[in-house]
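Close look at the chain arrangement
Chain by chain, the residues run as shown.
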Amino acid sequence: MRAAVATGPNLPLALDNLDVPQPAAGEVLVKVTACGVCFSDLNLLRGHYPFARYPVVPGHEITGVVTAVGEGVTFPEVGTAVGAQFLYDSCGHCDYCVRGDQILCPRKRITGIVADGGYAEYALFKAGFVTPLPDGLDPVAAAPLMCAGLTSFNGLRQAGATAGSRVAVVGLGGVGTLAARYAVAMGARLAVVGRSRRGEDQAKALGAELFVATEESDPADALKGWDGGADVVLNAAPSTAAAAATLGGLAPDGTLLLLGYGNEPLTLPTPPMILNRLHVAASPSGSPHDLRDTLAFSAAHGILPEVTPITLEQAPAALDAMADGTARGRSVITFG
C-alpha cells in the first residue's frame, strides 16, 4: 500500500510502499477513503511530541470502510463506513475509561503519533474506537470532523454553551469556523474575534452579530459591551496571548475555553477571576461517544467543512503551506 511516513523529528515526510497490515483480535482493517491534514501532523514532523513513536504514519482525521475484522469482532461489520479519530485506544479499566471519558485515560494512545494513522491506503484500528458514519454524510468532507469538528463541538459542550448563550470565537481557522457553525446551530448568539477586518464578512455570513478586530479595539472591552460579556470565549487561535486578551470580556460565571494555544504561559488576573467566578478550561478532542454525537449533530444540521481534496503525493506540499502560513481551507488526502 502507498503510505507517507514520519521517520523522525525535523525530517521530511517520506513516501513509501508498505505491506497491508492484517487485523489481530479486537482490530478492524479500514480501507482509507480520506484523511484530513491537521496542524498536529505538522507538529509531529517538528518533533513537538516527546511521546511520539517514529517511524509512524501520520493522520487522525480518517474516514474509510471496514474491509476485514480480527478475531472476536462482531461490530462494526465488513462494509461499514467509519471514522477514526485522534484517540487510538485507552487502557479500558481506569476510572476515566469505565466512565466513558477515555480521552482522559493516562495510558491513552494517539492515532498518527504513536500508532499508524491515515496517511496510507489502509489502517488498523481497535474495533471500539471507530465510529460508524451517519447515512448520507460525505466521507471526504467529513474527514476533518474527526478532529476539528469533534474538538470544537465537544469543547462547546464542556464549556456549557446552550441556546441563548453568548459565544465568542477567537480565530476562524478550521476549528474556529466549525465552532461558530456549531454554536449557531445550538441556538447560541455568536461573536467573532479576529486580528483584522479581513474575516468580518465570513463571520457575518456564519451568523455573528458582533465582529471584533483586535488591531482596532481591545477585545475585552468590545466583548464586555456585548450585553455584559460573553458566556463562553472559545479560543481557536494558535496563541495563548490572544486568549488572555479576551478574559476581561467574560460575563460573570463565564468560561475561557482553550482549544488553541501557544508556547507562552497563560497569566490570570486573580481578583476579577474570583469576584466574577470566572472559569478557564481546555478540551483535548473527545471520547468515542463524543465523536458519535458530533457526527450525528453535523449530519442533522448539515455542518461540513469546506475541503480541498489532494493526493497523498501532495501531502508534503500541504504541510509546507501550513508551516509558512499560506494554507487556505482544509486539505484532505483522498484515495481512489
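These numbers come from a predicted model, not from an experiment. (Residues numbered from 1 in each chain as written. Predicted model: local features only at pLDDT ≥ 70, side-chain atom pairs only at ≥ 80, totals over all residues. Heavy atoms only, no water.)

Details of the overall build of the chain
Keep this limit in mind: Labels follow the DSSP assignment, with helices taken as runs of H or I lasting at least four residues and strands as runs of E lasting at least two, numbered in each case from the N terminus. Each radius of gyration is computed over the set of C-alpha atoms, and the globule rule expresses the reference value as 2.2 Å times the number of residues to the power 0.38. Any residue under 20% of the maximum accessible area for its type is buried, any over 50% is exposed, and the rest in between are partly exposed; the area is computed with a 1.4 Å probe on protein chains only. In what follows, residue pairs with any heavy atoms lying within 4.5 Å of each other are defined as contacts. Each accessible area is a Shrake-Rupley result for a 1.4 Å probe, and residues are judged covered by the shown protein chains and nothing else.
Each helix and strand in the chain was counted, giving 11 helices and 17 strands. Relative to the compact-globule value of 20 Å for 336 residues, the chain shows a C-alpha radius of gyration of 20 Å, a close match. Its C-alpha atoms put the chain at 60 × 40 × 40 Å along the principal axes. The proportion of buried residues among the 336 residues of the chain is 52%. By sequence separation, contacts in the chain at least 24 residues apart represent 69% of the contacts at least 6 residues apart. When the accessible surface of the chain is summed, it comes to about 14,400 Å², and 53% of that surface belongs to carbon and sulfur atoms.

Points about unusual backbone geometry
Here the amide bond leading from Tyr54 into Pro55 is cis, since omega sits at -5°, within 30 degrees of zero. Mapped onto the elements of the fold, Pro55 is located in the loop between helix H1 (39–45) and strand S4 (62–69). Omega for the peptide link from Phe75 to Pro76 comes to 0°, which places this bond in the cis form. Residues other than glycine seldom take positive phi values, yet Asp227 does so here, at roughly 50°. If you trace the backbone, Asp227 turns up in the loop between helix H7 (219–224) and strand S13 (230–235). Residue Asp227 is classed as exposed on the basis of its relative accessible area, which comes to 53%.

Observations concerning the UniProt feature "domain: Enoyl reductase (ER)" (unreviewed entry) in the chain
How we decide: UniProt positions are given in the numbering used here, feature names are shortened, and annotations may be inferred rather than shown by experiment.
Here the UniProt-annotated "domain: Enoyl reductase (ER)" (unreviewed entry) positions come out as residues 8–333. Here residues 8–333 is 26% helix and 25% strand, with 21 Å between the C-alpha atoms at its ends.

Section: the environment of Gly112
Among the structural elements, Gly112 can be located in the loop between strand S7 (109–110) and strand S8 (122–126). Given the relative accessible area of 3%, Gly112 is considered buried. In the structure, Gly112 is positioned 33 residues away from Leu145 in sequence and 16 Å away in space, judged by C-alpha atoms. The residues contacting Gly112, other than those within four sequence positions of it, are Leu44, Val56, Val57, Pro58, Gly59 and Gly117.

Things to note about the pairing of strand S16 (residues 307–310)
For the record, the criterion: For two strands to count as paired, DSSP must find a minimum of two bridges between them. For a crossover, the right-handed case is the one in which the path from the first strand over the helix to the second runs clockwise, viewed with the strands pointing away from the viewer.
Pairing of S16 with strand S17 (residues 330–334), which is carried by four bridges, proceeds in the parallel orientation. Bridge pairing links Ile310 to Ile333 in S17. On the question of chirality, the crossover connecting S16 to the parallel S17 by way of helix H11 (residues 315–324) is right-handed.

Focus: the layout of surface pockets
What counts is decided by this rule: Buriedness for pockets is judged along seven lines, at least five of which must meet protein on both sides within 12 Å for an open set on the 1 Å grid over protein atoms alone, while cavities are sets there where a 1.4 Å probe fits but cannot get out, and lining residues have an atom within 4 Å of a point. Grid points are joined across faces, edges and corners, and a volume is the space filled by probe spheres set on the points.
In this structure, the second largest pocket spans a volume of roughly 180 Å³. Around the second largest pocket, the lining is made up of 15 residues, and of these Met1, Pro21, Asp116, Ala123 and Leu124 lie nearest the centre.

Details of the pattern of salt bridges
This is how the line gets drawn: For salt bridges, the criterion is a side-chain nitrogen of Lys or Arg within 4 Å of an Asp or Glu carboxyl oxygen.
Taken as a whole and judged by the stated rule, the model has 15 salt bridges. Among the ionic pairs, Asp89 bridges to Arg109, the shortest N-O distance being 2.7 Å. Within this pair, whereas Asp89 is found in strand S6 (residues 87–89), its partner Arg109 is found in strand S7, the two being separated by 20 residues in sequence. With a relative accessible area of 9%, Asp89 lands in the buried category. With a shortest N-O distance of 2.9 Å, Arg157 and Asp290 are connected by a salt bridge.

Re helix H4 (residues 148–158)
Residues that lie three or four places apart on an α-helix share one face, since the helix turns once every 3.6 residues. Most of H4 sits out of view: nine of its 11 residues are buried. What H4 keeps buried is the set Ala148, Gly149, Leu150, Thr151, Ser152, Phe153, Asn154, Gly155 and Leu156. Residues of H4 that are buried make contact with strand S10 (166–170), helix H5 (174–185), S13, strand S14 (250–258), helix H10 (288–301) and S17.

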